[in-house]
Structure formats: C-alpha cells, structure tokens
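Topology and contacts: notes
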Amino acid sequence: MKTAGIISVGTEIMLGKIDDTNATYLSKWLKDCGIKVNLRLTVEDNIHSIVSAIEHIGSLDLIILTGGLGPTSDDITREALARFLNRRLIFHEEVYQRIASLFVKLNKPVASSNRKQAELIDGGEFLINEFGTAPGMLYEENGRIFVLLPGPPRENQ
C-alpha cells in the first residue's frame, strides 16, 4: 500500500486563527484512493520548519504540502521544497501571463509579488489552479512524489 504524509503550512493554523480543513479533506480523499496517510504535520511559515517537516516524512511515497504558495513574503513553501531537493526555481512567463490575466478580468493591477507564483521547481510540473492565482506543483524524484497545493480550501480541494 502506498503511504502519504501531509504538511499543512501556515502560521495562522498554528495560532488557531483558522482550522486546517485541507488536511482532513486530503486524508479522506487519499483513503478513498487506497493510500494510507501515515503522518500529518502543521508548521509555521518558516523555511527551516517546512524543510524539517519534509525531512521528517521524506521517506513516504507521497508528500503533500498545502499552503504557502501565495504572493506574500511569508508564502515560502515552493522555496522550502526547492531547498530540500537542492533544485532551483525557474520563472515561467506563460504562467505569469495567466496569473496576470486573472487580475485584468477583475480590473485590478497585478502586484510585482505575484511573479513568484510563476516560479517552478526545476524538473517539476505546474498544476493549474482554476479558482485562484497560485498554481500547485508536482515533482517526482527517486520514487517519491511531492505535491504542492494552495491553501485556500476552494483552491485546494
């Protein structure tokens, strides 16, 4: 049986400001897919904490990180996984243009901080987000699959 771990990233979860409904949803979904969730962790928006959590569950078949893919300075999940994998982040103009088009439709300016949402771990794939600006990511290495999902439940689920 395949095994999985879920890492929920967000200081607001750690402080009790919001509930972690994503981990519950993902646990149920994975069980229905025949994948056993061995561990769920919640960490603050901190590179060291995220990397440590990945190291802790890094031997599982599937590692899902949820949250921390937005445009703000504390959204650092992609950077933490890149550091763990010792891979660089590569900017993708076509993904940035998709993000920018969402702002154009809303008649709002695009913040320069949204550029980081178009950065992909070298060798990974984007997972298109139909409900927001933060695309997810998929990265496979040595039989392990890493999935990064946005934090807002509507985008995550």
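Not measured: the values here are computed from a predicted model.

Let's talk about the overall build of the protein
Check the secondary structure of the protein and you find 6 helices and 8 strands. When the elements of the protein are put in sequence order from the N terminus, they spell out β-α-α-β-α-β-α-β-α-β-β-β-β-α. Computed over C-alpha atoms, the radius of gyration of the protein comes to 15 Å, within 12% of the 15 Å expected from 2.2 N^0.38 for 157 residues, which places it in the range of a compact globule. Once the C-alpha set of the protein is aligned to its principal axes, its extents read approximately 45 × 35 × 30 Å.

Describing the sheet that holds strand 7 (residues 136-141)
Read from one edge to the other, the open sheet built from 6 strands follows the order 2-1-3-8-7-6, with strand pairing classed as mixed. Since the sheet does not close on itself, it has two edges, and those belong to strand 2 (36-43) and strand 6 (125-127), each with one partner. On average, each strand axis in the sheet is inclined to that of its neighbour by 20°, with strand direction left out of account. In the packing of helix 2 (residues 21-32) onto the sheet, contacts are made with strand 1 (3-9), strand 2, strand 3 (62-66) and strand 8 (144-149), and the angle to strand 1 comes to roughly 165°. Those strands touched by helix 4 (residues 77-85) are strand 1, strand 3, strand 7 and strand 8, and its axis lies near 160° from that of strand 8.

Quick look at the pattern of salt bridges
Evaluated as defined, the whole model comprises 5 salt bridges. In this structure, E79 and K116 form a salt bridge, with 3.8 Å as the shortest nitrogen-oxygen distance. Highlighted residues: E79 in helix 4 and K116 in the loop between helix 5 (93-105) and strand 5 (119-121), separated in sequence by 37 residues. Look at K116 and you get buried, because its relative accessible area is 16%. With its nearest N and O atoms 3.4 Å apart, the salt bridge here joins E141 to R144. Residue class for E141 comes out partly exposed when judged on its relative accessible area of 22%. One network of salt bridges, in which partners are shared, links R87, R88 and D122.

Remarks on the side chain of T66
Locating T66 in the fold gives a position in strand 3. A residue is classified by how much of its surface remains accessible, and T66, at 2% relative accessible area, is buried. A polar atom in the side chain of T66 sits 3.5 Å from the backbone oxygen of P150. If near-sequence neighbours (up to four positions away) are discounted, T66 is found in contact with I6, I7, S8, V9, N22, L149, P150, G151 and N156.

A look at helix 2
Between its first and last C-alpha, helix 2 extends 17 Å over 12 residues, near the 16 Å set by a 1.5 Å rise per residue. Every buried residue of helix 2 is accounted for by N22, A23, L26, S27 and L30. Around the axis of helix 2, the buried residues are gathered within 130° of arc, so they sit on the same side. Turned more than 90 degrees from where helix 2 packs its buried face, K28, K31 and D32 sit exposed. Elements in contact with the buried residues of helix 2: strand 1, strand 2, strand 3, strand 8 and helix 6 (153-156). Within two residues after helix 2, G34 carries a phi angle of roughly 85°, on the positive side.

What counts, and where the lines are drawn
- Chains are numbered independently. Their residues run from 1 in the order of the written sequence.
- Totals for whole chains, interfaces and linings use all residues, but because this is a predicted model, local features are given only for residues with pLDDT of at least 70 and pairs of side-chain atoms are given and counted only at 80 or more.
- Each side-chain value is derived from all of the structure's non-hydrogen atoms; neither hydrogens nor water enter the calculation.
- Runs of H or I in DSSP of at least four residues are treated as helices and runs of E of at least two as strands, each being numbered from the N terminus.
- For the radius of gyration, the atoms used are the C-alpha atoms, and the globule rule reads 2.2 Å times the number of residues raised to 0.38.
- Pairing between two strands requires that DSSP report at least two bridges joining them.
- For helices, the fitted line uses only the C-alpha atoms of the stretch in contact; every axis is such a line through C-alpha atoms, and the angle between N-to-C directions lies from 0 to 180 degrees.
- In this description, contact between two residues means that some pair of their heavy atoms is separated by no more than 4.5 Å.
- The salt bridge definition used is simple: a Lys or Arg side-chain nitrogen within 4 Å of an Asp or Glu carboxyl oxygen.
- To sort residues, take the accessible area from a 1.4 Å probe on protein chains only and compare it with the maximum for the residue type: under 20% means buried, over 50% means exposed, and anything in between is partly exposed.
- A 3.5 Å cut-off defines polar contacts: any pair of N or O atoms within that distance qualifies, except that in protein one atom must be a possible hydrogen donor and the other a possible acceptor, and neighbouring residues in sequence count only when both atoms are side-chain atoms.
- In this analysis, the expected span of each helix is defined as 1.5 Å times one less than the number of residues it contains.
- The directions considered for the arc are those from the helix axis to the C-beta atoms.

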